[in-house]
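Chains, contacts and geometry: an overview
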Amino acid sequence: MQEYDKNTLKHLQEVQLMILKDFIDICEKHDLEYCAYGGTVIGAIRHEGFIPWDDDIDVLMLREDYEKFLKIMDEMQSEKYELLNIDKYEDYHYMFSKLSLKGTKFKNHWCLKKSFNVGINIDIFIFDYIASDNFMFKIFKKRVKILKKIGYILEIIQNDYYNSTYKKIIIYCIKFIFSLLNINNKTYKKFYKNLLSKLPNKSNSLVYDLAAISYDEPLSIDTIMPPKKAKFESIEINILNDYDTYLKINFGNYMEIPPKDKQINHSPLELDFGKY
């Protein structure tokens, strides 16, 4: 586990909680549904707040509500937040978005040479309805995995993760192959949009997270909606309707505290709280 100073981690969690509150305010004002996701759900159930060593917040939205949220953020022209996503920046390669606090920094290797700044943020994952045909879904999932690998490689070759001569030679070769195949930020975005165009608006009540942070199988919409309320630090948040099923599938015995070496966070290379 990367170690934070205790006060720094507490400060970071407080700022992230502020971001979450503002996100919830927008959702409630505009009748948008959301749910806590990933480790944030475990935090709510097991700790009634942050997992003690955790340094991020994850939420999910269905595509329809997410698209509305995009328009609202555009219309707001917020001086406080920027929504980072593949629609806005060609060199953003994640299939989820980040609600980033302006005037702050939360930088790791992947974003050191980007055209945008990554501030302290919360992650917004998007769930899409999928086709009911199991065979077609398997083909679709393979395409998603290939696209994610392309995105990962683009991150590496554009941010020069590796310093050794051997790895630099490999990266040079990959760059050359990608140039021959015309694989770049623009084509990556085109592939992503093409994937989305293959999805139905609604299907047999199954939804899927293209970013697939852990378990990459579809979930029943009834597992997610309608959301339930749970305590999270000083506020109440939405959590998945059947959070127990979701957490057992993804995390096993989620009420058990993991050993110290499994208590992983995202400790950044550069952290700046700005005026916050």
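Rules used in this analysis
- Residues numbered from 1 in each chain as written.
- Predicted model: local features only at pLDDT ≥ 70, side-chain atom pairs only at ≥ 80, totals over all residues.
- Heavy atoms only, no water.
- Helix = DSSP H or I, 4+ residues; strand = E, 2+ residues; numbered from the N terminus.
- Rg over C-alpha atoms; globule rule 2.2 N^0.38 Å.
- Buried < 20%, exposed > 50% of the residue type's maximum accessible area, 1.4 Å probe, protein only.
- Contact = heavy atoms within 4.5 Å.
- Patch = residues over 30% accessible without salt bridge, like charges linked within 9 Å, V, L, I, M, F, W, Y side chains within 5 Å.
- Areas by Shrake-Rupley, 256 points an atom, 1.4 Å probe, with all protein chains shown as cover.
- Salt bridge = Lys/Arg side-chain N within 4 Å of Asp/Glu carboxyl O.
- Core = buried A, V, L, I, M, F, W, Y, C linked by side-chain atoms within 4.5 Å.
- Polar contact = N/O pair within 3.5 Å; in protein donor to acceptor, adjacent residues only side chain to side chain.
- Phe/Tyr/Trp six-rings, centres within 6.5 Å; stacked < 30°, edge-to-face > 60°.

**Brief notes about the overall build of the protein chain**
Helix and strand counts for the protein chain stand at eight helices and eleven strands. In terms of overall size, the protein chain behaves like a compact globule, its C-alpha atoms giving a radius of gyration of 19 Å where 276 residues would be expected to give roughly 19 Å. Seen through its C-alpha atoms, the protein chain measures out along the principal axes to roughly 50 × 50 × 45 Å. For the protein chain, with 276 residues in total, the buried portion stands at 49%. Sequence separation of at least 24 residues holds for 71% of the intrachain contacts in the protein chain that already meet a minimum separation of 6.

**Here we look at a nonpolar patch on the surface**
Residues Phe176, Ile177, Leu180 and Leu181 make up a contiguous nonpolar surface patch of about 440 Å² in total accessible area. Its location among the elements puts Leu181 in the loop between α5 (165–180) and α6 (185–197). The exposed category is assigned to Leu181, whose relative accessible area is 57%.

**Quick word on the pattern of salt bridges**
Summed over all chains, the structure comprises twelve salt bridges. Here Lys80 and Asp22 are joined by a salt bridge, their closest N and O atoms 2.8 Å apart. Of the two residues, Lys80 is situated in the loop between α3 (63–76) and β3 (81–84) and Asp22 in helix α1 (residues 6–29); the sequence distance between them amounts to 58 residues. Notably, a salt bridge pairs Asp87 with Lys193, separated by 2.3 Å at the nearest N-O pair. On the criterion of sequence distance, the pair formed by Asp87 in the loop between β3 and β4 (97–101) and Lys193 in helix α6 is long-range, its members being 106 residues apart. Taken together, the salt bridges that share partners define one network made up of Arg63, Glu67 and Asp128.

**Some remarks on the environment of Asn241**
Turning to its location among the elements, Asn241 is positioned in the loop between β10 (235–239) and α8 (243–251). You can call Asn241 partly exposed: its relative accessible area is 22%. Along the sequence, Asn241 and Met225 sit 16 residues apart, while their C-alpha atoms lie 5.5 Å from each other. Not counting residues within four places of it along the chain, the set of residues in contact with Asn241 comprises Asp222, Thr223, Ile224, Met225, Pro226, Pro227 and Lys228.

**Here's the deal with the nonpolar core**
Soluble, globular proteins show a tendency: their nonpolar side chains are buried together. Ranked by size, the top nonpolar core spans 89 residues in total, and within it Leu20, Phe23 and Ile237 carry the most contacts. Sort the elements by how many residues they give to this core and α1 lands first, with ten residues. For Phe23, the contacting residues outside a window of four places in its chain are Tyr34, Val59, Met61, Phe69, Leu99, Ile122 and Ile124.

**A look at unusual backbone geometry**
For the peptide bond that leads from Met225 to Pro226, omega is -10 degrees, which places it in the cis range. Positive phi values are uncommon outside glycine, yet Asp31 reaches one of about 55 degrees. Mapped onto the elements, Asp31 comes out in the loop between α1 and β1 (35–36). For Glu48, which is not glycine, the phi torsion reads 55 degrees and is therefore positive. For Glu48, the location among the structural elements is in the loop between α2 (39–47) and β2 (58–62).

**Here we look at the side chain of Glu155**
Tracing the backbone shows Glu155 in helix α4 (residues 134–159). Side-chain polar atoms of Glu155 contact the side chain of Lys114, separated by 2.7 Å.

**Quick notes on the packing of aromatic side chains**
Each aromatic ring pair is specified by the distance between its two centres and by the angle formed by the two planes. By the definition in use, this model includes 17 aromatic pairs. With 4.9 Å between their ring centres and 25 degrees between their planes, Tyr94 and Phe96 make a pair best called stacked. Owing to a relative accessible area of 27%, Tyr94 belongs among the partly exposed residues under this scheme. Among the residues examined, Phe96 registers a relative accessible area of 11% and is labelled buried. Their ring planes at 70 degrees and their centres at 6.3 Å tell us that Phe140 and Tyr208 sit as a pair that is edge-to-face. With Phe140 in helix α4 and Tyr208 in strand β7 (residues 206–209), this residue pair connects regions lying 68 residues apart in the sequence. In this structure, Phe140 and Tyr208 share a single accessibility class: buried.

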